[in-house]
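Structure at a glance
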Amino acid sequence: MANDNPGTLVSTEWLAAHLENPDMRILDASWHMPDSGRNARAEYDRAHIPGARFFDIDRVSDPDSNLPHMAPPPERFISCVRAMGVGDGHQVVVYDSVGLFSAARVWWLFRLMGKSDVAVLDGGLPKWTAEKRATEDLPPMARDRHVTVSRLNHLVKDATQVAAASKLSDHEILDARSPARFSGAEPEQRQGLRSGHIPGSKNVHYATLLNPDGTMKEPDALRSVFDAANVDLGRPVITTCGSGVTAAIVSLALEILGHRRHSLYDGSWSEWGMNGDLEIETGA
């Protein structure tokens, strides 16, 4: 599904038609789990969409946090994206090499920094290459451009805020991890993490929002996924996952459905599962 809305999701056809726009900035935001055996930067160096810059999720993060790829302070975000040649007045399109996986995280990060002209490429690089569209192996020449940010704090939550929401039951807390990880039946990959989920949270596995080809499902199908998880879309939502990456896919789906009262728990299970003072639940 792509509604060609440059604020949420655009199709490969839309991007191909706008590829030569001088104010277009394309970002390869590929990221893989540590045990995947894949190197996102090396894959970018071999082949990427023409004009794409590589966006390193782990580098454009908070250097003072011991949690993985936490949202950076505004000044670090500005410094990093300026170095990529991305700035005010640019339409940003983000993609990844899986289809729709880590790109949504960078979409959310730009939104957190107050940038609305950012969209995810529906189906990502796999769909682009399946359609036999051009790729290249050299990065573009980056020219510094002024960047203005205005951090929208309502789009992010910390552990204290999530714990309060869990206790008060005044938000829908949606966990994008797999059912086995959510229930605690499958151990966490990161060492030292307990198994289970935030009390009162509901499981909306990110994969259930996607078609087999890695594109986003149509709006009616997205609503059906939330309905099946007994999610009340009339309430504010907090999205979470393992480390704040796939939670953004749920956030993107909510945005597509016109649900504006959503925020992302940046620490996600990497923080919650490590902190013995925070309660957990197990089971479906």
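Our structure is the block above this text.
The following refers to the structure shown. On a predicted model such as this, the values are computed, not experimentally measured, just so you know.

Points about the side chain of serine 270
Structurally, serine 270 can be placed in helix α10 (residues 268–272). Exposure remark for serine 270: the relative accessible area of 4% places this residue in the buried category. Each residue touching serine 270, except ones within four places of it in the same chain, is listed here: Leu67, Pro68, Arg190, Leu193, Gly242 and Ser243.

Describing the packing of aromatic side chains
Aromatic ring pairs: the centre-centre distance and the angle between the two ring planes describe each pair. Counted by the stated rule, this structure contains six aromatic pairs. Geometrically, the ring pair formed by phenylalanine 77 and phenylalanine 110 is edge-to-face, given 5.1 Å between the ring centres and 80° between the ring planes. Here phenylalanine 77 is found in helix α3 (residues 74–83), whereas its partner phenylalanine 110 is found in helix α4 (residues 103–112), with 33 residues between them in sequence. Each member of the pair phenylalanine 77 and phenylalanine 110 is classed as buried. The structure contains a cluster of three or more aromatic residues connected by ring pairs, namely Trp31, Phe101 and Tyr206. The side chain of arginine 177 reaches across the aromatic face of tryptophan 269, ending 4.6 Å from its centre.

Topic: the pairing of strand β2 (residues 24–28)
Judged by how many residues are buried, β2 sits mostly within the fold: five of five residues are covered. Every second residue of β2 is oriented toward a common face, with Met24, Ile26 and Asp28 on one face and Arg25 and Leu27 on the other, all of them buried. Here β2 pairs with strand β4 (residues 91–95) via five bridges, running parallel. What sits directly across from methionine 24, in β4, is glutamine 91. For β2 and strand β3 (residues 53–54), the ladder comprises two bridges, and the chain directions are parallel. By the bridge assignment, leucine 27 is partnered in β3 with arginine 53.

Section: helix α9 (residues 247–256)
A large share of α9 lies buried, amounting to 10 of its 10 residues. Of the positions making up α9, those classed as buried are Ala247, Ala248, Ile249, Val250, Ser251, Leu252, Ala253, Leu254, Glu255 and Ile256.

Scoring rules and cut-offs
- Residues numbered from 1 in each chain as written.
- Predicted model: local features only at pLDDT ≥ 70, side-chain atom pairs only at ≥ 80, totals over all residues.
- Heavy atoms only, no water.
- Helix = DSSP H or I, 4+ residues; strand = E, 2+ residues; numbered from the N terminus.
- Buried < 20%, exposed > 50% of the residue type's maximum accessible area, 1.4 Å probe, protein only.
- Contact = heavy atoms within 4.5 Å.
- Phe/Tyr/Trp six-rings, centres within 6.5 Å; stacked < 30°, edge-to-face > 60°.
- Lys NZ or Arg CZ within 6 Å of the ring centre and 35° of its normal.
- Pairing = 2+ DSSP bridges.

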